[in-house]
Amino acid sequence: ADQRCVYGVIGERLAKDVVGGFHTCLLACGQTASGKSHAIFGRSAGGAEDPHRGLVPRFAEGLLNELHGGGGEAEFIVKMSYMELYNERFRDLL
């Protein structure tokens, strides 16, 4: 599946859930070299029109679009974490 399809199946729903007040989590797990980083980040940083953007940049854009799409004068706080679990140890990557 291409990156747009992955976002359409997973990311759009999560963005709507966040706006609805739910906490969400994007998780990639698998063996070394199985494509986790590619699925999450994509293979290039070509901007919003890049078809190879991964799930995280698409999710961030979709979430902001959902938040601004409601109209009105609302204020939002969005918190995100980027964590790695490797050899049973967590590491904050931000």
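Residues numbered from 1 in each chain as written. Predicted model: local features only at pLDDT ≥ 70, side-chain atom pairs only at ≥ 80, totals over all residues. Heavy atoms only, no water.

### Observations concerning the overall build of the protein
Of the regular secondary structure elements, the protein holds three helices and two strands. Its helices and strands in sequence order give the protein the pattern α-α-α-β-β, from N to C terminus. Each principal axis of the C-alpha atoms in the protein carries an extent, and together these give about 45 × 30 × 20 Å. Counting all 94 residues of the protein, 17% fall into the buried class. The long-range fraction of contacts in the protein, counting pairs at least 24 apart against all pairs at least 6 apart in sequence, stands at 39%. Approximately 7,600 Å² of the protein is accessible, and the part contributed by carbon and sulfur atoms is 53%. Mean positive and mean negative side-chain charge positions of the protein (10 and 12 charges, respectively) differ by 7 Å. (Helix = DSSP H or I, 4+ residues; strand = E, 2+ residues; numbered from the N terminus. Buried < 20%, exposed > 50% of the residue type's maximum accessible area, 1.4 Å probe, protein only. Contact = heavy atoms within 4.5 Å. Areas by Shrake-Rupley, 256 points an atom, 1.4 Å probe, with all protein chains shown as cover. Lys, Arg positive; Asp, Glu negative; His and termini not counted. Charge placed at Lys NZ, Arg CZ, Asp CG, Glu CD.)

### Focus on the packing of helix α1 (residues 3-19) against helix α3 (residues 55-69)
Two elements in contact, α1 and α3, have axes whose closest approach is 9 Å; the angle formed by their N-to-C orientations is 40 degrees. On the basis of their axis angle, the class for α1 and α3 is oblique. Note on packing geometry: the crossing formed by α1 with α3 is right-handed. For the pair α1 and α3, the contacting residues are Q3, R4, V6, Y7, I10, G11, L14, A15, K16, V18 and V19 in the first and L55, R58, F59, G62, L63, E66 and L67 in the second. Here the residues of the contact of α1 with α3 are counted per class, giving 11 nonpolar, three polar and four charged. (Axes fitted to C-alpha atoms, helices over the stretch in contact; angles between N-to-C directions. Parallel < 35°, antiparallel > 145°, perpendicular 65-115°, else oblique. Left-handed = near helix turned anticlockwise from the far one by under 90°. Nonpolar A, V, L, I, M, F, W, Y, C, P; charged D, E, K, R; others polar.)

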